Amino acid sequence: MSTPRFLDLPPGVAPQKIETSQGTFAALEALPVSGVVERWPALLVPGLTGSKEDFIAILQTLAQSGRRVVAVDLRGQYETPGPDDPAAYSFAALGADVDLLAQTLSGAGGEPMHLVGHSFGGLVAREAVIDGRTKFASFTLMSSGPSGIVGERARSGKTIMKELPTLGLEHLWSTRFEPEALANGVPDEIIAFLHKRLLANSPTALSRMAEQVLAAPDRTDELRQIEVPTLVLYGERDDGWPAELQSEMAARLEAECVVLPGAAHSPAVEAPETTATALVRFWNAAEHQQLDIRSNDL
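Calculation criteria
- Residues numbered from 1 in each chain as written.
- Predicted model: local features only at pLDDT ≥ 70, side-chain atom pairs only at ≥ 80, totals over all residues.
- Heavy atoms only, no water.
- Pairing = 2+ DSSP bridges.
- Helix = DSSP H or I, 4+ residues; strand = E, 2+ residues; numbered from the N terminus.
- Axes fitted to C-alpha atoms, helices over the stretch in contact; angles between N-to-C directions.
- 1 Å grid on protein atoms, 1.4 Å probe; cavity = no way out; pocket = protein on both sides within 12 Å on 5 of 7 lines; lining within 4 Å.
- Points joined across faces, edges and corners; volume = space filled by probe spheres on them.
- Nonpolar A, V, L, I, M, F, W, Y, C, P; charged D, E, K, R; others polar.
- Contact = heavy atoms within 4.5 Å.
- Phe/Tyr/Trp six-rings, centres within 6.5 Å; stacked < 30°, edge-to-face > 60°.
- Buried < 20%, exposed > 50% of the residue type's maximum accessible area, 1.4 Å probe, protein only.
- Right-handed = clockwise from strand over helix to strand, strands pointing away.
- Expected span 1.5 Å × (residues − 1).
- Parallel < 35°, antiparallel > 145°, perpendicular 65-115°, else oblique.
- Left-handed = near helix turned anticlockwise from the far one by under 90°.
- Polar contact = N/O pair within 3.5 Å; in protein donor to acceptor, adjacent residues only side chain to side chain.

Observations regarding the sheet that holds strand β1 (residues 13–20)
Phase 1: Taken together, eight strands build an open sheet; the order of strands is β1-β2-β4-β3-β5-β6-β7-β8 and the sheet is mixed. Of all strands in the sheet, those with a lone pairing partner are β1 and β8 (256–260), marking the two edges. Going across the sheet, the axis of each strand differs from the next one's by a mean of 25 degrees, ignoring polarity.
Phase 2: The pairing of strand β5 (residues 114–118) with strand β6 (residues 138–142) spans five bridges and is parallel. Looking at β6, one finds that G117 is bridged to L141.

As for the layout of surface pockets
Phase 1: Taken as a whole, the largest pocket spans an internal volume of roughly 840 Å³.
Phase 2: Surrounding the largest pocket, 36 residues form its lining, M1, S2, T3, R153 and E180 being those nearest its centre.
Phase 3: For the lining of the largest pocket, the secondary structure elements donating two or more residues are α4 (151–167), α5 (169–183), α6 (188–200) and α10 (267–270).
Phase 4: Ranked by residues supplied to the lining of the largest pocket, first place goes to α4 with five residues.
Phase 5: Residues of the lining of the largest pocket, tallied by class, amount to 15 nonpolar, 13 polar and eight charged.

Looking at the environment of V186
Phase 1: Tracing the backbone through its elements, the reader meets V186 in the loop between α5 and α6.
Phase 2: The spatial distance from the C-alpha of V186 to the C-alpha of T3 is 8.3 Å, given a sequence separation of 183 residues.
Phase 3: Residues within four places of V186 in sequence aside, it is in contact with T3, A181 and I191.

Things to note about the side chain of D54
Phase 1: Tracing the chain through its elements places D54 in the loop between β3 (42–45) and α1 (56–63).
Phase 2: The residues contacting D54, other than those within four sequence positions of it, are S2, P4, P46, R197, A268 and V269.

Structural notes on the packing of aromatic side chains
Phase 1: Per the stated rule, a full pass over the model turns up two aromatic pairs.
Phase 2: Between the aromatic rings of Y78 and F193, the centroid separation amounts to 5.6 Å while the plane-to-plane angle is 90 degrees, which identifies the pairing as edge-to-face. Of the two residues, Y78 sits in the loop between β4 (69–72) and α2 (91–106) while F193 sits in helix α6, which places them 115 residues apart along the sequence. Of the two residues examined, Y78 and F193, each falls in the buried class.

A short note on the pairing of β8
Phase 1: Here five bridges tie strand β7 (residues 230–235) to β8, and the two strands are oriented parallel to one another. Paired with Y234 across the bridge in β8 is V259.
Phase 2: Handedness of the β7-helix α9 (residues 243–253)-β8 crossover: right-handed.

Concerning α2
Phase 1: Here α2 is 16 residues long and its end C-alpha atoms lie 22 Å apart, about the 22 Å a rise of 1.5 Å per residue gives.
Phase 2: If you check which residues of α2 are buried, you get F91, L94, G95, D97, V98, D99, L100, L101, A102, L105 and S106.

What about the pairing of β1?
Phase 1: Of the strand pairs in this sheet, β1 and strand β2 (residues 23–30) are connected by eight bridges, and their pairing is antiparallel. Paired with V13 across the strands is A30, a residue of β2.
Phase 2: Linkage of β1 to β2, two consecutive antiparallel strands, is achieved through a turn of two residues.

A word on the packing of α5 against α6
Phase 1: Between α5 and α6, the least distance of the axes is 11 Å, while the angle of their chain directions is 155 degrees. Between α5 and α6, the angle falls in the class roughly antiparallel. In the crossing of α5 with α6, the sense of the turn from one axis to the other is right-handed. Each of L169, E170, W173, F177, A181 and L182 in α5 lies in contact with α6, whose residues at this interface are I191, L194, H195, L198 and L199.
Phase 2: The class makeup of the residues in the contact of α5 with α6 is nine nonpolar, one polar and one charged.

Observations concerning the side chain of H265
Phase 1: Following the sequence through the fold, H265 ends up in the loop between β8 and α10.
Phase 2: Here the side chain of H265 touches D238 through a polar contact of 2.7 Å, side chain to side chain.
Phase 3: If near-sequence neighbours (up to four positions away) are discounted, H265 is found in contact with H118, S119, S143, R153, D238, D239, G240, W241 and E270.

Quick word on helix α3 (residues 120–131)
Phase 1: If you check α3, its first and last C-alpha atoms are 17 Å apart, about what twelve residues at 1.5 Å a residue would give, namely 16 Å.
Phase 2: Taking burial as the measure, the twelve residues of α3 include eleven buried ones, the bulk of the element.
Phase 3: Lining the buried residues of α3 we find β3, α2, β5, β6, α7 (203–215) and α8 (220–224).
Phase 4: Where α3 terminates, the next one or two residues include G132, which has phi positive at roughly 75 degrees.

As far as function goes, none of this settles anything; it's purely spatial.
Have a look at this one:
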């Protein structure tokens, strides 16, 4: 479970509700504290047991680069409601939500949007890139692999699938997530948030998402066919997808690859400044590249 180190929103960051034709999505929106919005916006998508709060530590820095940055809860996640229909949480359905969010946030100006997906969110965001409904400014896979997750996090996903339908969310909290948080010395106020967040999830959504993150197909070759600047970014101690697997994926994609020292599976929490710096540099380069292409086409 991605665990924010603080919950107080930095200056320029505020909770929002994004109204779409498919319902309302909870979000955190970051705008520059000084200066103006002059660069293309960004949309951040969290992982399986995470939420928009996983990005709190990087939002202000990202926005200060002159951007509107929005982190969301996926359908059925924390503060975004979702139905009891498992079909609503397929990769295709969640990817369509990302398309809709990007198009809604782009507004009348239709500015291209940078897309970042963390862990399971990377697999969801990948669907939106591949389906071709939205032209993204760039795509970042953050601690996300080419196919189903492996290792200890795969075992966690199997536990969710096995125990959640019969034993419920409170059981998962008391037998798995709470002991892990206590063992890691997580402060009481953060533990209270993690408990609240887990119980707010749709059990149907969490179970279906766990099933998919375990069985995700390898769509790297399909993603490679999409003309979008791509970054593979992960911590050197990632315990989700092995570092070598993510590096290999980056090579297959001919994508830039950034390995963050000291970080594990949640770089935005564990190494916020280096994560934000890497994203801003990549986004700026992607914008320059696409603006140059447009100039040459004129």
